[in-house]
Amino acid sequence: MKINKCVFPVAGLGTRFLPVTKELAKEMLPLVNRPIISYGVEEAVASGCREVIMITGRAKRSIENYFDRSFELEYLLKARGKDELHDMIVKISDMAEILFIRQREPLGLGHAVLCSEPVCKNEYFAVALPDDVFLNEGDPVLNQLIRVHEKMGGSVIALEEINDENISRYGVAKSQFEIEGGIHKIIDMVEKPKLEEAPSNLAIMGRYVLSPAIFELLRNQNPGSGGEIQLTDALKTLCSQEPVWGVVFNGRRFDCGTQKGWLSANVQLALEDPELRDVVLNIVNKELNQPQS
Ligand code: G1P
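All of the points below concern the structure found in this document. In this numbering scheme, every chain counts its residues from 1 along its sequence in written order. Reporting in this predicted model follows two pLDDT cut-offs: at least 70 for local features of residues, and 80 or more for side-chain atom pairs to be given and counted; totals over whole chains, interfaces and linings ignore these cut-offs and use all residues. Values shown for side chains rest on all heavy atoms present in the structure; no hydrogens or waters enter the calculation.

### Topic: the pattern of salt bridges
Pairing is possible between side chains that carry opposite charge, provided their charged atoms lie close to one another. This is how it is decided: Salt bridges, as used here, are contacts in which a Lys or Arg side-chain nitrogen is within 4 Å of a carboxyl oxygen on Asp or Glu. Note on conventions: DSSP H or I runs of at least 4 residues are helices, E runs of at least 2 residues are strands, and numbering of each starts at the N terminus. Whether a residue is buried, partly exposed or exposed follows from its accessible area with a 1.4 Å probe, protein chains only, as a fraction of its type maximum: under 20%, in between, or over 50%, in that order.
Counted according to the given criterion, the structure contains 19 salt bridges. Residue Lys5 is joined to Glu123 by a salt bridge in which the shortest nitrogen-to-oxygen separation is 2.6 Å. Of this pair, Lys5 sits in strand E1 (residues 5-9) while Glu123 is found in the loop between helix H6 (117-120) and strand E6 (125-128), placing the two residues 118 residues apart along the sequence. Looking at Lys5, the relative accessible area reads 9%, which means it is buried. Salt bridges linked by common partners bring Lys5, Glu51 and Glu123 together as one network.

Below you can see the structure in the form of structure tokens.
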């Protein structure tokens, strides 16, 4: 079945980026020249999703404004003959049909996804966590999941093999078997396990295709890790009732939910930009050539 809707949970407080996130939505932090959230939305659109549903909170107005028309700016840019910039900002607001739903209480990722029920209750839908930015030339990561859903049916989660020291930061999935290159039948999962309790080293990364049956499970889900309603806990039940597939995706992932990951992504993207590459290299070379203290 075609996946038309992609849900973006964006209500999180962004405490890892304080003080900047005291006022600015963390999803609006720049990755070179575009906000983090833009990369996820572009990926969803490139994967065929026509509707984007943002699950937002009161401090996230800047996201709404970013995807809205800005008549004043459009008018001024046009009047000043800056056609390229004009077209660029119009394109942002035309990217997709974007809907905003307020998550009134910070009860966790599972609760955020549950907030999309009024719009998504009758169909399979995608979820994208904007902190996880995927950069790849070929097939977008979300589309890799959608293709598996179209072929196999059921729900699909993105997986990455990770090192032991990072296990406790993620949801971790247990594979029953691998049907073909990188596609696993999932039979269990645990949110942020201790290393000794992890069922594998296959971590869940922030892209999902979900069955609407998830809503009933989320509604009845008790708080889990961190006292929050966890999507992973509801998915654990779902995989005992319906097929859930895991896809070890092709592509590069940057964890823009941490300062280190966000900075790495910025440096990497700057190195890949013909105009910015030398800026980064010059700083690094200067630093390397300084006498060691
Ligand atoms: C969320 C999910 C977790 C997943 C991670 C991927 O955790 O709960 O299962 O592995 O995203 O980034 P969070 O990073 O929001 O704590």
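What follows continues from the structure just given.
### Observations regarding the layout of surface pockets
Spelled out, the test is: Whether a set of points on the 1 Å grid over the protein atoms alone is a cavity depends on a 1.4 Å probe fitting there but being unable to get out, while an open set qualifies as a pocket with protein on both sides within 12 Å along at least five of seven lines; lining residues are those with an atom within 4 Å of a point. Grid points are joined across faces, edges and corners, and a volume is the space filled by probe spheres set on the points. The classification used treats Ala, Val, Leu, Ile, Met, Phe, Trp, Tyr, Cys and Pro as nonpolar, Asp, Glu, Lys and Arg as charged, and all other residues, Gly among them, as polar.
There is about 1100 Å³ of room inside the largest pocket. Arg16, Lys26, Leu109, Asp131 and Lys192 are the residues nearest the centre of the largest pocket, which is lined by 37 residues in total. Residue assignment for the lining of the largest pocket shows that the elements contributing at least two residues are helix H5 (109-114), strand E11 (202-210) and strand E13 (252-255). Of the residues forming the lining of the largest pocket, the biggest block, four residues, is contributed by E11. Grouping the constituent residues of the lining of the largest pocket by class yields 14 nonpolar, 12 polar and 11 charged.

### Some details on the nonpolar core
Defined as follows: What is meant by a nonpolar core is a set of buried Ala, Val, Leu, Ile, Met, Phe, Trp, Tyr and Cys residues, joined one to another through side-chain atoms within 4.5 Å.
Formed by 40 residues in total, the largest nonpolar core has its most connected members in Cys6, Phe8, Ile37, Val41, Met54, Phe67 and Met205. Considering each element in turn, this core owes the most residues, five residues, to helix H7 (residues 141-152). In this structure, Ile55, Ala173, Leu202 and Tyr208 belong to the second largest nonpolar core, which totals 31 residues.

### Overview of the side chain of His184
Cut-off, in case you're wondering: Pairs of residues are marked as contacts when any of their non-hydrogen atoms sit within 4.5 Å.
Within the secondary structure, His184 is located in strand E10 (residues 183-191). Discounting chain neighbours no more than four positions away, the residues touching His184 are Leu159, Ser175, Phe177, Glu178, Leu202, Val244, Trp245, Gly246 and Val248.

### Observations regarding the packing of aromatic side chains
Basically, it comes down to this: Note on ring pairs: Phe, Tyr and Trp rings are taken, using the six-membered ring of Trp, and paired if centres are within 6.5 Å. Classes follow the plane angle, with under 30 degrees stacked, over 60 edge-to-face and the rest tilted.
As enumerated under the stated definition, the model contains four aromatic pairs in all. Ring centres of Phe17 and Trp262 lie 6.2 Å apart, and the angle between their planes is 85 degrees; on these two criteria the pair is classed as edge-to-face. Residue Phe17 is located in the loop between E1 and strand E2 (30-31), and its partner Trp262 is located in helix H10 (residues 259-271); the two are separated by 245 residues in the primary sequence. Taking the centre distance of 4.9 Å and the plane angle of 85 degrees together, the rings of Phe134 and Phe249 count as edge-to-face. Taken together, the residues span a long stretch of sequence, with Phe134 in strand E7 (residues 132-135) and Phe249 in the loop between strand E12 (244-248) and E13 at a distance of 115 residues.

### Some thoughts on the environment of Thr232
Mapped onto the fold, Thr232 is located in helix H9 (residues 231-241). Classification of Thr232 as buried rests on a relative accessible area of 4%. Thr232 has contacts with Gly171, Met189, Val190, Glu191 and Ile204, leaving out every residue within four places of it along the chain.

### Quick word on the site of the ligand
Defined as follows: Near, as used in this document, describes a residue that has one of its heavy atoms within 4 Å of the molecule or strand being considered. As used in this structure description, the phrase polar contact means that two N or O atoms lie within 3.5 Å; if the pair is within protein, one of them must be able to donate a hydrogen and the other to accept it, and residues adjacent in sequence are counted only when both atoms belong to side chains. Only the protein chains shown count as cover for residues, with accessible areas throughout obtained via the Shrake-Rupley method and a probe of 1.4 Å. A pocket or cavity is taken to hold a molecule when more than half of that molecule's atoms are within 2 Å of the pocket's grid points.
If you check the shell around the ligand, you find Leu109, Leu129, Asp132, Tyr170, Gly171, Glu191, Lys192, Ile204, Gln230 and Thr232 and nothing else. Asp132 is positioned with one of its side-chain polar atoms (N or O) 2.7 Å from an oxygen atom of the ligand. In the complex, the protein chains occlude 78% of the 380 Å² of accessible area that the ligand would expose alone. More than half of the atoms belonging to the ligand lie within 2 Å of the grid points that define the largest pocket. When grouped by side-chain class, the residues that make up the shell around the ligand number four nonpolar, three polar and three charged.

### Focus on unusual backbone geometry
The general pattern is negative phi for most residues beyond glycine and trans for most peptide bonds. Cis rather than trans, the peptide bond between Leu18 and Pro19 has omega equal to 10 degrees. Note on placement: Pro19 falls in the loop between E1 and E2. Backbone geometry places Val32, a non-glycine residue, at a positive phi of 55 degrees. Positionally, Val32 belongs in the loop between E2 and strand E3 (34-35). The residue Lys192 is not glycine, and still its phi comes out positive at about 45 degrees. One can find Lys192 in the loop between E10 and E11. Among the residues examined, Lys192 registers a relative accessible area of 40% and is labelled partly exposed.

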